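# Architecture and fold: a report
Each chain, written out:
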Amino acid sequence: METQILDGKQIAAELREEIRLAVETCQKEGFRPGLGVLLVGDDPASRSYVTAKEKACDAAGILSREVKLPATASKEEILAEVDRFNASEDINGILVQLPLPDSSIEEEVLNRILPEKDVDGFHPVNVGRMMLGLPAYLPCTPHGILHMLKRGGIEAKGKHVVVVGRSNIVGRPLANLLSQKSELGNATVTMCHTGTPDIAAFTKEADIVVAAVGRPEVVTADMIRDGAVVIDVGVNRVPDDSKKSGFRLVGDCEYAAMLGKASAITPVPGGVGPMTIAMLLFNTVEAAKRQAAS
Ligand code: NAP
């Protein structure tokens, strides 16, 4: 079987071009969407994610304003920056790059973002609205996966989707969105996690398998059925002496062994990751439009 490669870079580039045109329209109407980015500490992976997001904003014509605080910043200093972004008229969306050096304050910091500026879709108000099927800022990775399926010509409707992983930013919201009675949902969804004794028993029955686990290649080719669609969210660094960096990126799925068995699959890198950034831009433009209209 020929496996369709779901090229996230290509699909995201198309989306980003549409977003760029939407930003042009906003500017003609007298406003420019703006994203406030808060980075705390010097984690290299967080730095590179923030740089990628800011570059994507620039290319789309979205204003991005970064505030960087040292790893030693107090909770009060971090909350004060969130408050500044909340109050700024130029800033329509706010991104606090996770993880924070002190992960115990993440919930309080995220909850401080005004729900109408919560373009990551992590605020309880947006999570609750999403759960109820009300208009909300959808979390970027699950939202990106829905668009990727749509643009890849894959309907979730009527299919059995098995989502491995139940985090609040990927697995759980994705399972919720796919199970909703909606254009991109209407699937039958099973969610697996560390409490599932035999994950393969479920994945082998799935039309679509989504892996959001964070463990290199834990979903093996013998765990999927012939013709399954595989969405690999995981991004894992594994040591590789042949690389200058000393590591390479692999997903949660056994990509090479699934080629020829899966009907479609996302690569890592270049699959879900670029879609996540595109949806952040999408939400920022949505936020700007809603704030301009209110
Ligand atoms: P997370 O918060 O660590 O959640 C991982 C989930 O997988 C948990 O629900 C955990 O179960 C489950 N799990 C862990 N080991 C398992 C195993 N051996 N068998 C079955 N389930 C297992 O991770 P996350 O934030 O969802 O991220 C998952 C992966 O996606 C990571 O590699 C992350 O880097 C990547 N990611 C990529 C993007 C992107 O844009 N490409 C965005 C977000 C995340 P329990 O709940 O039982 O502990």
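The structure reproduced in this document is the subject of the present report. (Residues numbered from 1 in each chain as written. Predicted model: local features only at pLDDT ≥ 70, side-chain atom pairs only at ≥ 80, totals over all residues. Heavy atoms only, no water.)

## Quick notes on the side chain of Thr3
Among the secondary structure elements, Thr3 is positioned in the segment before β1 (4–5). For Thr3, a relative accessible area of 12% corresponds to the buried category. Among the polar contacts made by the side chain of Thr3, one reaches the main-chain amide nitrogen of Gly260 at a distance of 2.6 Å. What Thr3 contacts, discounting residues up to four positions off in sequence, is Met258, Leu259, Gly260, Lys261, Ala262, Ser263, Ala264 and Ile265. (Helix = DSSP H or I, 4+ residues; strand = E, 2+ residues; numbered from the N terminus. Buried < 20%, exposed > 50% of the residue type's maximum accessible area, 1.4 Å probe, protein only. Polar contact = N/O pair within 3.5 Å; in protein donor to acceptor, adjacent residues only side chain to side chain. Contact = heavy atoms within 4.5 Å.)

## Details of the site of the ligand
Around the ligand sit 20 residues, and of these Arg166, Ser167, Thr194, Val235 and Thr276 come closest. Thr194 places a polar side-chain atom, nitrogen or oxygen, 2.3 Å from an oxygen atom of the ligand. Here an oxygen atom of the ligand and a backbone polar atom of Val235 are 3.0 Å apart. Considered on its own, the ligand offers 930 Å² of accessible surface; in the complex 69% of this is hidden by protein. Here the shell around the ligand is built from residues that sort into eight nonpolar, ten polar and two charged. (Near = heavy atom within 4 Å. Areas by Shrake-Rupley, 256 points an atom, 1.4 Å probe, with all protein chains shown as cover. Nonpolar A, V, L, I, M, F, W, Y, C, P; charged D, E, K, R; others polar.)

## Focus: the nonpolar core
Most often, soluble globular proteins have nonpolar side chains that are buried together. Of all hydrophobic cores here, the largest spans 54 residues; its most connected members are Leu35, Ile62, Leu178, Val210, Ile231 and Val233. The element contributing the most residues to this core is helix α10 (residues 272–293), with ten residues. With residues near it in sequence (within four places) discarded, Val233 still touches Thr141, Ile145, Val170, Val210, Ala211, Ala212 and Val272. (Core = buried A, V, L, I, M, F, W, Y, C linked by side-chain atoms within 4.5 Å.)

## A short note on the state of the cysteines
Considering all chains together, one arrives at zero disulfides under this definition. Free of any disulfide, Cys57 has its nearest neighbouring cysteine sulfur in Cys140, separated by 11 Å. Take Cys57: its relative accessible area is 0%, and that puts it in the buried class. (Disulfide = S-S within 2.5 Å.)

## A few points about the sheet that holds strand β3 (residues 63–69)
The parallel open sheet is built from three strands, whose spatial order is β3-β2-β4. Of all the strands in the sheet, the pair left with one neighbour each is β3 and β4 (93–96). The mean inter-strand angle of the sheet, taken between neighbouring strand axes irrespective of direction, is 15°. Relative to β3, strand β2 (residues 34–40) is paired through seven bridges, and the arrangement is parallel. By the bridge assignment, Leu35 is partnered in β3 with Ser64. The strands that helix α3 (residues 75–87) touches are β2, β3 and β4; relative to β2, the one it contacts most, it runs at about 175°. (Pairing = 2+ DSSP bridges. Axes fitted to C-alpha atoms, helices over the stretch in contact; angles between N-to-C directions.)

## With respect to the sheet that holds strand β8 (residues 229–232)
With respect to topology, six strands assemble into an open sheet ordered β1-β11-β8-β7-β5-β6, the strand pairing being parallel. The sheet terminates laterally at β1 and β6 (188–192), the two strands that pair on one side only. With two bridges connecting them, β1 and strand β11 (residues 264–265) associate as parallel partners. Within β11, the position partnered with Gln4 by the bridge is Ala264. Strand contacts of helix α7 (residues 171–179): β5 (160–164), β6 and β7 (208–211), with the helix running at about 165° to β6, the strand carrying the most contacts.

## Considering the pattern of salt bridges
Applying the stated criterion across every chain yields a total of 15 salt bridges. A salt bridge links Glu286 to Lys289; the nearest nitrogen and oxygen atoms lie 3.7 Å apart. Separated by three residues within a single helix, Glu286 and Lys289 lie in helix α10, roughly one turn from each other. Residue Glu286 is classed as partly exposed on the basis of its relative accessible area of 21%. Overall, the relative accessible area of 36% leaves Lys289 in the partly exposed class. Within this structure, Glu17, Arg20 and Glu24 form a network of salt bridges that share partners. (Salt bridge = Lys/Arg side-chain N within 4 Å of Asp/Glu carboxyl O.)

## Here we look at helix α2 (residues 44–60)
End to end, α2 covers 24 Å across 17 residues, agreeing with the expected 24 Å (1.5 Å per residue, within 8%). Of all the positions in α2, only Ser46, Val50, Lys53, Glu54, Ala56, Cys57 and Ala60 are classed as buried. Seen from one end, α2 has its buried residues packed into an arc of 160°, which puts them on one side. Among the exposed residues of α2, those oriented more than 90 degrees off its buried face are Pro44, Lys55, Asp58 and Ala59. Contacts from the buried residues of α2 go to α1 (8–28), β2, β3, β4 and α10. The positive-phi residue at the C-terminal boundary of α2 is Gly61, with phi of around 85°. (Expected span 1.5 Å × (residues − 1). Arc of directions from axis to C-beta.)

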